[in-house]
Amino acid sequence: MEFDFAELEPQSRYRLLTNFIGPRPIALVTTRSPAGHNNAAPMSFFNVFSHDPPIVVLGIQPRLSGEEKDTLANIRRTQEFVVNMVDMGISQQMLVCGLGFDSEFDELTMAGLTPSACRKIDASFVQEAPCVFECRVERLIDYPRRTLVLGEVVHMHVRRNCLDAEGHYVDPEHYQPIARLHADNYIVSDRQFVLKAPPITDFIKPQRD
């Protein structure tokens, strides 16, 4: 089958993209509301795109009414946000945060999650999350139905057992984030394996003088 994206309506493009590009990691994004309480929303249009500078990107669409979501409005106002990674331990709470509460509600309280003060920005992170990225906005790229938020990571919190003894690499026995596939289907990274590339000399023979 062939799909000309210039001819497809947005919902069909969304379905095809999200069905076939995955699994997509989930960012439970926390921000500070104008009233000073915590806003939290899960997003699977998310990934890391650079380490130098350390940049993560969120893709946030407006509500069906066209009104900006609380998360994006808070990010525009404060220029700060937090990415809390999600594992099975907080998967149900993540879903509660995505229920679409009115802006006066504190989603962390509604979900039974514990807020902790960030080190470098004025926001709260989820204490139960396996790892957390404190971010400042690097730039916003606005499209009619989507805003790309480029955030520079300024601080990171990691649960100690998620790292190896030297504190350098992930311990896959303890850090097992979940990711979204399509619709209500998710996957957890509890089955990992090693793939090593063969040497290039298996394909290109060294030249002799």
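Rules behind the numbers
- The written sequence of each chain sets the order in which its residues are numbered from 1.
- Local features are withheld for residues below a pLDDT of 70 in this predicted model, meaning they are given only at 70 or higher, and side-chain atom pairs are given and counted only at 80 or more; totals for whole chains, interfaces and linings count all residues.
- By convention in this description, side-chain values take in all heavy atoms of the structure and omit both hydrogens and water.
- Relative accessibility thresholds used throughout: buried, under 20% of the residue-type maximum; exposed, over 50%; partly exposed, between the two (1.4 Å probe, protein chains only).
- Comment: elements are numbered from the N terminus, with helices defined as DSSP H or I runs of at least four residues and strands as E runs of at least two.
- By this definition, two strands are paired if DSSP reports at least two bridges between them.
- Whenever a carboxyl oxygen of Asp or Glu lies within 4 Å of a side-chain nitrogen of Lys or Arg, that contact is scored as a salt bridge.
- Surface patches are drawn from residues lacking salt bridges whose relative accessible area is over 30%; two like charges belong together within 9 Å, two nonpolar side chains (Val, Leu, Ile, Met, Phe, Trp, Tyr) within 5 Å.
- Using a 1.4 Å probe, accessible areas were evaluated by the Shrake-Rupley method; residue-level cover was limited to the displayed protein chains.
- In what follows, a contact means two residues having at least one pair of non-hydrogen atoms within 4.5 Å.
- Two rings from Phe, Tyr or Trp (for Trp, the six-membered ring) form a pair when their centres are within 6.5 Å of each other. A pair whose planes differ by under 30 degrees is stacked, one over 60 is edge-to-face, and the rest are tilted.

1. Regarding the pairing of strand S6 (residues 80–85)
Along any regular strand the residues' side chains alternate between the sheet's two faces.
Here's step 1: In terms of residue burial, S6 counts as a mostly covered element, since 6 of its 6 residues are buried.
Here's step 2: Side-chain alternation along S6 places Glu80, Val82 and Asn84 on one buried face and Phe81, Val83 and Met85 on a second face that is also buried.
Here's step 3: Examined bridge by bridge, strand S2 (residues 27–32) and S6 share 4 bridges and lie antiparallel to one another. Within S6, the position partnered with leucine 28 by the bridge is asparagine 84.
Here's step 4: Inspection of the sheet shows S6 paired to strand S9 (residues 131–143) by 5 bridges, in the antiparallel sense. Its bridge partner lying in S9, valine 82 is registered against glutamate 134.

2. Here's the deal with the pattern of salt bridges
Here's step 1: If you walk through the whole model with that rule in mind, you get 7 salt bridges.
Here's step 2: In this structure, arginine 63 and aspartate 70 form a salt bridge, with 3.5 Å as the shortest nitrogen-oxygen distance.
Here's step 3: Of the residues examined, aspartate 70 reaches a relative accessible area of 17% and is grouped as buried.
Here's step 4: Among the ionic pairs, arginine 76 bridges to aspartate 142, the shortest N-O distance being 2.6 Å. Taken together, the residues arginine 76 in helix H2 (residues 70–78) and aspartate 142 in strand S9 connect sequence positions 66 residues apart.
Here's step 5: A relative accessible area of 45% places aspartate 142 in the partly exposed class.
Here's step 6: Where salt bridges share partners, they join Arg63, Glu67 and Asp70 into one cluster.

3. Digging into a nonpolar patch on the surface
Here's step 1: Together, Met1, Phe3, Phe5, Leu17 and Ile21 make up an exposed nonpolar region whose accessible area comes to about 550 Å².
Here's step 2: Its location among the elements puts methionine 1 in the segment before helix H1 (10–20).
Here's step 3: Using a relative accessible area of 86% as the deciding quantity, one classes methionine 1 as exposed.

4. Regarding H1
Here's step 1: Inspection of H1 places Ser12, Leu16 and Thr18 among the buried residues, and these make up the whole buried set.
Here's step 2: Looking at the buried side of H1, the elements it contacts are strand S1 (24–25).

5. Things to note about the packing of aromatic side chains
Here's step 1: Inspection of every chain in the model, using the stated rule, returns 2 aromatic pairs.
Here's step 2: Note on tyrosine 14 and phenylalanine 45: the rings are 6.0 Å apart at their centroids and 5° apart in plane angle, and the pair reads as stacked. Placement of the pair is tyrosine 14 in helix H1 and phenylalanine 45 in the loop between strand S3 (38–43) and strand S4 (46–51), with a sequence separation of 31 residues.
Here's step 3: Given a relative accessible area of 28%, tyrosine 14 falls into the partly exposed group.
Here's step 4: A relative accessible area of 28% places phenylalanine 45 in the partly exposed class.

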